[in-house]
Structures are given as structure tokens and as C-alpha cells.
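Structural characterization, general
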Amino acid sequence: MSAPGTTDVRPAKPNGYRPGSLEIFGLILLAAILLRGPLAELLSRGALQTWATVFIAVVVQATPFLVLGVLVSGAIAAFVPARVFASLLPRNPSLAIPVAGACGIALPGCECGSVPIANRLMDRGVQPSAALAFLLSAPAINPIVLVATAVAFQSDGRMVWARLIAGLLTAVIVGLVWERLGRPEWLKPRVPAPAEDEGSRFRVFVSTVAGDFAQVAGFLVIGAAAAATFNVLVPAAWMEHIGSSLLLSVLLMAVLAFILALCSESDAFVAAAFSTIPLVGKLVFLTVGPAVDVKLVALQAGTFGRRFAVRFAPLTFVVAASTGLVVGLLFFGAGR
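The following refers to the structure shown.

Conventions we followed
Residues numbered from 1 in each chain as written. Predicted model: local features only at pLDDT ≥ 70, side-chain atom pairs only at ≥ 80, totals over all residues. Heavy atoms only, no water. Axes fitted to C-alpha atoms, helices over the stretch in contact; angles between N-to-C directions. Helix = DSSP H or I, 4+ residues; strand = E, 2+ residues; numbered from the N terminus. Parallel < 35°, antiparallel > 145°, perpendicular 65-115°, else oblique. Left-handed = near helix turned anticlockwise from the far one by under 90°. Contact = heavy atoms within 4.5 Å. Nonpolar A, V, L, I, M, F, W, Y, C, P; charged D, E, K, R; others polar. Patch = residues over 30% accessible without salt bridge, like charges linked within 9 Å, V, L, I, M, F, W, Y side chains within 5 Å. Areas by Shrake-Rupley, 256 points an atom, 1.4 Å probe, with all protein chains shown as cover. Salt bridge = Lys/Arg side-chain N within 4 Å of Asp/Glu carboxyl O. Buried < 20%, exposed > 50% of the residue type's maximum accessible area, 1.4 Å probe, protein only. Phe/Tyr/Trp six-rings, centres within 6.5 Å; stacked < 30°, edge-to-face > 60°.

Concerning the packing of helix H12 (residues 246–260) against helix H16 (residues 306–332)
Following both chains from N to C, one finds H12 and H16 inclined at 135 degrees, their axes separated by 11 Å at the closest point. In terms of orientation, H12 lies oblique with respect to H16. Along this stretch, H12 crosses H16, giving a crossing that reads as right-handed. Facing Leu-246, Val-250, Ala-254, Val-255 and Phe-258 of H12, the residues of H16 in contact are Phe-317, Ala-321, Leu-325 and Leu-329. Considering only residue class, the contact of H12 with H16 consists of nine nonpolar, no polar and no charged.

Section: a nonpolar patch on the surface
Taken together, the side chains of Phe-79, Phe-202 and Val-206 define a hydrophobic patch exposed on the protein surface, amounting to about 290 Å² of accessible area. Take Phe-79: it is sitting in helix H3 (residues 46–79). By relative accessible area, which is 41% here, Phe-79 ends up partly exposed.

Here we look at the packing of aromatic side chains
Summed over the entire model, instances satisfying the criterion amount to ten aromatic pairs. Here Phe-274 and Phe-285 contribute two aromatic rings whose centre-to-centre distance is 6.4 Å and whose plane-to-plane angle is 55 degrees, an arrangement assigned as tilted. Of this pair, Phe-274 sits in the loop between helix H13 (267–273) and helix H14 (279–291) while Phe-285 sits in helix H14, placing them eleven residues apart in sequence. For the pair Phe-274 and Phe-285, one class covers both residues: buried.

Some words on the pattern of salt bridges
Counted by the stated rule, this structure contains two salt bridges. Here Arg-158 and Asp-156 are joined by a salt bridge, their closest N and O atoms 2.7 Å apart. What makes Arg-158 partly exposed here is its relative accessible area of 38%. Here Arg-163 makes a salt bridge to Asp-267, at a shortest N to O gap of 2.9 Å. Residue Arg-163 is found in helix H9 (residues 158–181), and its partner Asp-267 is found in helix H13; the two are separated by 104 residues along the sequence. Looking at Asp-267, the relative accessible area reads 2%, which means it is buried.

Written out as C-alpha cells, the structure is:
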């Protein structure tokens, strides 16, 4: 009881149970199984059948690469010390930036995992410009992404090499520009991660895999749904008109890459689904997406600070779109 004249302040009741992404996914899957009869009848109608076909094709093709990517990314985050990468980089920034960009090919993982790794590299003394080059290259040119791209673009193997070159050039150019124009005060102070014992390393692995999968699977579903929706709702004449204009297709795909925020291990399948867009536009999509999108801006603002994000994101977008356009023209020309 409270004393006379005072207010009885009671502790707030804890919030009730809130289901996470995996629980929601499970409920949706259960509902789909229970309602498969009505759903099958509904999806058999014209446009809905086309939508379902595109959506399922994108998700089924991309899921194995997504799962493999989060497993490898979780293992690296938990068991590979950042000093392994730091020891590979020269002290001269002009040399460290391209080397850091090339090291991205050794890190199979998505862009979500590259942000904390780049932050840890900075904590270990790696130049920010080199760490940022690694941040941009790792999700764009790693083996899983390149294999997924080869599977998605089986009809034209040049896309793999074009993506590799465009992604690496983007990382190096942005790193060099940041080395020249970036300011230390734009990066917020970082708190080094505490040392972890073997038991905590395994917990980090499990939590990283579960968290990354829940996050990137959601973005994959959104991207697949968007690609399917574009195929159904946007009139074919519009898409043919956009596809006939190199400038319009490049602008459209660059903006879509930023908004859809797909995982780099699955974005190739979404890009391939845009059948009326020329290959140059698809390459811009695959170059911009791993480098800068809405979720990456949020992650970078939380990790490095808002002052960093508002400068780094526009720089990366312009460089990635321009590089994808130039490399695409060199590989595919101005045609389809």
C-alpha cells in the first residue's frame, strides 16, 4: 500500500508474447496448406495464375542460395576473427582499397552481414575507406552470388563477368573517393565487441543464421512478389516502351534495386524475371542492389551514424548506377 497523499505507482505489466518472423512464416505456411483447395481454385484464374507462377519460380530458385549464404555468413561472423582480414591489407590506402575490394570474393554472405564485419575491421585499425570497399564488394562478387547469377542467367554467361567487374569497380571507386573526401567526424565512435568464448561463438552462429534468414527471406518474398506484380499489373506495352529506352530502363532498375532491398544471393533471379528489360538495365539492378538500398541505409546509419549514411548512400548510388551502365554497355551494347 502507498502512503497517504502519494500515488501508488505499480510496475507496468510486461508486454505479451509477440510472434517473430519465423512464427509468422510458419502460420502463413500452415494456412496455405489448410486452404490449398480454395487457393488453387483462386490462383487458376488468368492473371493470378501468371502471378503465382512467376512468384514461385523466383522463390524456389533463390532459396537454396539464400540458405547457403546465411550459413556461411554466420560461420564467418562467429568463428573467423577480423584480424585475419586486417592482416591481409597494406597500410597504404591506395593499395589497401583495391586489395580490400578483391578480398570480398572470399566472403560468401549478404550485405547485411558485411556491415558489422566492416565495423569490426575499423575497430582493428583498418582504414575506413578500405573497410568500406570490402563492405561493398563482399555481397556483390562473392562465389555464392556469382553462382546464383550464373544459374539465373544461363542463357547469357556474360552477366557473371559483367557483375563481377561492375561490383568490384564500384567498391574500389567509392573507397578511393571516400579516402579523399571522407571525414573521421562523419563516423560515430564505435564500441569494440567483447571477446567471446567458444560457447558464445556457437550462440553467435545460431543467432546470426536465424536472424539473417528471417530478414533476408522476408526481403526475397517481397522482391518476388514485386517482380510477379510487375509482370501482371504493368501493361506489356509500358514495359516494352521502358525496355526500348536504355535511359528509362536503367533509371527504373536502379530505383527498384534501392527500394526492393533484395538479398544479393537472390536478386539475380528477380532481375531475370523482368523479361522486357535489356541486359544493361538488369546489370544496373545487380550492381546497385548489393551496394545501396533502403535496408542498408538503415543498417549503416545505426552502425556508423546518420552523418555517415546521408553522405555515403548518395555517393554509392551514383557510382554503382554509373558503373553498371558503363560496364553493361561494354559487355552488351545498347541493344537487348
